[in-house]
Amino acid sequence: AAAGVALLRGLMCPAGMEQMRADAAFAVESEAPWSPWHLTAVVAVGFTHVLTGDDVRAEEVLADLVREARPVEDATTSSAAMAQLALYALERGDLRDAEALSRKAHERAGSAMLAAASAFALVARARVAQRRGDSRKLAEYVAGVQLHRPKLTAAIPWLSALTLLQLTRIHI
């Protein structure tokens, strides 16, 4: 029960990044590797690195998660991780990797139960479409993100904030 409380507190992040990381790390250590909550805790740890600017460590944690994830059972966590990895590839100028990762993130997000994960995958697709100069796909993906906006709430504020920050980087 303590791991579940820590995971929930980590996902909701009411006390800042240090506490989010501590809570998520506790949940990672406490949840069995086969538990459906284990990778949720791992993704939370990974995103604490994203949010604190430790992109190297974030990329390592999220890439490990993607390798461990099962396509359907872990769709929410793996889609968010893949979307962030796509954004990192885009920043490096690796458009091929960014395209492949954002496509997989979007496909998995179709099975995701969390609207914020779907919106984050869509915003990654939009950023890639923008870089490719594909204005039709860019408009389609941005429209998809906009449809999810009412569901980008304080329930998982960091994922909502990251999605909206990436949306502001798009110029139509």
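See the structure shown above.
Since this is a predicted model, take the numbers as computed values, not measurements.

Asker: Quick question: what am I supposed to make of the environment of serine 30 here?
Answerer: With respect to the helices, strands and loops of the structure, serine 30 is situated in helix H2 (residues 17-30). At 2.8 Å, the side chain of serine 30 and the backbone oxygen of phenylalanine 26 are in polar contact.

Asker: I'm lost on the environment of proline 14 in this one. Help?
Answerer: When you line up the elements, proline 14 lands in the loop between helix H1 (2-12) and H2. Once the C-alpha coordinates of proline 14 and serine 35 are considered, the two residues, 21 residues apart in sequence, prove to be 24 Å apart.

Asker: Is there a simple way to think about helix H4 (residues 55-68) in this case?
Answerer: If you check H4, its first and last C-alpha atoms are 20 Å apart, about what 14 residues at 1.5 Å a residue would give, namely 20 Å. Looking at H4, one finds that the buried residues are Ala58, Val61, Leu62, Ala63, Leu65 and Val66. As for H4, its buried residues are in contact with helix H3 (38-51) and helix H5 (75-92).

Asker: Help me understand the packing of aromatic side chains in this model?
Answerer: Aromatic ring pairs are defined here through the distance separating the ring centres and the angle between the ring planes. Taken as a whole and assessed by the stated rule, the structure comprises 2 aromatic pairs. Ring geometry for phenylalanine 47 against phenylalanine 120: centres 5.9 Å apart, planes inclined by 75°, an arrangement best described as edge-to-face. Of this pair, phenylalanine 47 sits in helix H3 while phenylalanine 120 sits in helix H7 (residues 115-132); the two residues are 73 residues apart in sequence, bridging distant segments of the chain. No difference in accessibility class separates phenylalanine 47 from phenylalanine 120, as the two residues are buried. Here a set of aromatic residues connected by ring pairs shows up, and it is made of Phe47, Phe120 and Trp158.

Asker: Help me understand unusual backbone geometry in this model?
Answerer: Leave glycine aside and you will find that most residues have negative phi; peptide bonds, for their part, are mostly trans. The phi angle at cysteine 13 is positive, at roughly 50°, despite the residue not being glycine. Checked against the element boundaries, cysteine 13 lands in the loop between H1 and H2.

Asker: I'm lost on H3 in this one. Help?
Answerer: Note on helix geometry: an α-helix contains 3.6 residues per turn, so any two residues three or four positions apart are oriented the same way. For H3, built from 14 residues, the straight-helix expectation of 20 Å at 1.5 Å per residue is met to within 8% by its first-to-last C-alpha distance of 20 Å. The buried count for H3 comes to 13 of 14 residues, which makes it a mostly enclosed element. Note on H3: the residue one or two positions beyond its end, glycine 53, has a positive phi of about 85°.

About the thresholds
All residue numbers here refer to positions counted from 1 along the written sequence of the relevant chain. Totals for whole chains, interfaces and linings use all residues, but because this is a predicted model, local features are given only for residues with pLDDT of at least 70 and pairs of side-chain atoms are given and counted only at 80 or more. For the side-chain quantities, the full set of heavy atoms in the structure was used; hydrogens and water were omitted. Helix and strand assignments come from DSSP, with helices taken as H or I runs of at least 4 residues and strands as E runs of at least 2, each series counted from the N terminus. Nitrogen and oxygen atoms within 3.5 Å of one another constitute a polar contact, given that in protein one can donate a hydrogen and the other can accept it, and given that sequence-neighbouring residues count only through two side-chain atoms. Between the first and last residue of a helix there are one fewer steps than residues, each counted as 1.5 Å, and that sum is the expected span. We call a residue buried when its accessible area falls under 20% of the maximum for its residue type, exposed when it is over 50%, and partly exposed in between, using a 1.4 Å probe and counting protein chains only. Note on contacts: a residue pair is in contact if any heavy atoms of the two residues lie within 4.5 Å. The criterion for an aromatic pair is that two Phe, Tyr or Trp rings (for Trp, the six-membered ring) have centres within 6.5 Å, with stacked assigned to planes under 30 degrees apart, edge-to-face to planes over 60 apart and tilted to the rest.

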